[in-house]
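Chain and residue survey
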Amino acid sequence: FPYLNRPPNSIDFAQMACEPASPHMRLYHPRLPWYIDLMSTTPGFGVGYGVIGLTVWEVIEGVWRELQKQITSRDFYNEEMGTLFGDSKRAKLDFGHFGQGEAREMSKGVRRVDWLGMEEEWVWTGIVRKSSGMWEIKTRK
């Protein structure tokens, strides 16, 4: 979308997210200890056609929805959390260290998105297909 030289519109969001189209994508990010599985609900065209593939909108909305989920104590205290971030960073989250967030956002607890930007703000730049068939979520600070 940065290369459109215009704001994206509904036609841009309705395009297939990958080529060839796929109704399922498994995404991951190196800083997240879980996968994000997305399934398309957009129907195909014509008689007898099922789901064709995920649209750009379904990927963006699906990743946002998954990252807004509150983590559970099982997520919080699993081995990967300590390996990725160490106990000091996990302790900051445990005591509600969310930076300068609003009180309403802080009251929602620790969400999956909080694991991406504990030290700084992160920007999602896209996804890249890996040889494993999964898609890596690319971000930058």
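Within every chain, residues take consecutive numbers counted from 1 along the sequence as written. Thresholds applied to this predicted model are a pLDDT of at least 70 for local features of residues and 80 or more for the giving and counting of side-chain atom pairs; totals over whole chains, interfaces and linings are not thresholded and use all residues. Computation of side-chain values: all heavy atoms of the structure, hydrogens and water removed.

Looking now at the sheet that holds strand S2 (residues 36–39). Strand pairing in a sheet takes place through backbone hydrogen bonds and is either antiparallel or parallel in direction. Spatially, S2-S1-S4-S3 is the arrangement adopted by the 4 strands of the open sheet, whose pairing is mixed. Among the strands making up the open sheet, the edge pair consists of S2 and strand S3 (123–129). Taken pair by pair, the neighbouring strands of this sheet meet at an average axis angle of 30 degrees, ignoring direction. Alignment of S3 against strand S4 (residues 135–140), held across 6 bridges, turns out to be antiparallel. Each residue of the ladder has a partner; that of Trp124, found in S4, is Thr139. Only heavy atoms matter for contacts: two residues are in contact if any of them lie within 4.5 Å across the pair. Axes here refer to lines fitted to C-alpha atoms; in helices the fit is confined to the stretch in contact. Angles between the N-to-C directions go from 0 to 180 degrees. Only DSSP runs of H or I reaching four residues or more are called helices, and only runs of E reaching two or more are called strands; each is numbered from the N terminus. Helix H2 (residues 56–67) contacts strand S1 (24–28), S2, S3 and S4 of the sheet and is inclined by roughly 140 degrees relative to S2. Here, a strand pair is defined by DSSP locating no fewer than two bridges between the strands.

Two rings from Phe, Tyr or Trp (for Trp, the six-membered ring) form a pair when their centres sit within 6.5 Å of each other. Planes less than 30 degrees apart are called stacked, planes more than 60 degrees apart edge-to-face, and all others tilted. This structure, assessed with the given rule, holds 1 aromatic pair. Taken together, a centroid distance of 5.5 Å and an interplanar angle of 80 degrees make the contact between Phe13 and Trp57 edge-to-face. Taken together, the residues Phe13 in helix H1 (residues 10–13) and Trp57 in helix H2 connect sequence positions 44 residues apart. Categorising residues by exposure relies on relative accessible area from a 1.4 Å probe, with only protein chains included: less than 20% of the type maximum marks a residue as buried, more than 50% marks it as exposed, and the intermediate range marks it as partly exposed. Note on Trp57: relative accessible area 46%, which makes it partly exposed. Across from the ring centre of Trp34, 4.6 Å away, lies the NZ or CZ of Arg112, which sits over that ring. We count a charge as sitting over a ring when the NZ of a lysine or the CZ of an arginine lies within 6 Å of the ring centre and within 35 degrees of the ring normal.

Our focus in this paragraph is the pattern of salt bridges. Salt bridges, as used here, are contacts in which a Lys or Arg side-chain nitrogen is within 4 Å of a carboxyl oxygen on Asp or Glu. In this structure the tally under the stated criterion is 7 salt bridges. For Glu66, the salt bridge goes to Arg112, with nearest N and O atoms at 3.4 Å. Of this pair, Glu66 sits in helix H2 while Arg112 sits in the loop between helix H5 (103–106) and S3, and the two are 46 residues apart along the sequence. Assigned by exposure class, Glu66 and Arg112 land together as buried. Close ionic contact of Lys130 with Glu136 constitutes a salt bridge, the shortest N to O distance being 3.3 Å. For Glu136, a relative accessible area of 11% translates into the label buried.

For a helix, the expected span equals 1.5 Å multiplied by the residue count minus one. Counted at 1.5 Å a residue, the expected span for H2 with its 12 residues is 16 Å, and the 17 Å between its end C-alpha atoms agrees. Buried within H2 are the following residues: Val56, Glu58, Val59, Gly62, Val63, Glu66 and Leu67. Down the axis of H2, the buried set is contained in an arc of 165 degrees. They therefore lie on one face. At its buried positions, H2 is contacted by H1, S1, S2, S3 and S4. In this description, one arc is meant: the one made by directions from the helix axis to the C-beta atoms.

Our next topic: the nonpolar core. Soluble globular proteins tend to pack their nonpolar side chains together in the buried interior. The biggest cluster of nonpolar side chains holds 17 residues, and the ones touching the most others in it are Leu27, Ile36, Leu38 and Val63. Contributing elements (two or more residues each) for this core: S1, S2, H2 and S4. At 3 residues, H2 tops the list of elements feeding residues into this core. Those residues in contact with Ile36 that sit more than four places away from it in its chain are Met25, Arg26, Leu27, Val63, Glu66, Leu67 and Ile137. As used in this record, nonpolar core signifies buried Ala, Val, Leu, Ile, Met, Phe, Trp, Tyr and Cys residues forming a set joined through side-chain atoms within 4.5 Å.

Before going further, it helps to spend a moment on the environment of Phe13. On the accessibility criterion, Phe13 (23% relative accessible area) is partly exposed. Spatially, the C-alpha atoms of Phe13 and Glu58 are 8.3 Å apart, while their sequence positions differ by 45 residues. Not counting the four nearest positions on each side in its chain, Phe13 is found in contact with Phe1, Pro8, Thr55, Val56, Trp57 and Ile60.

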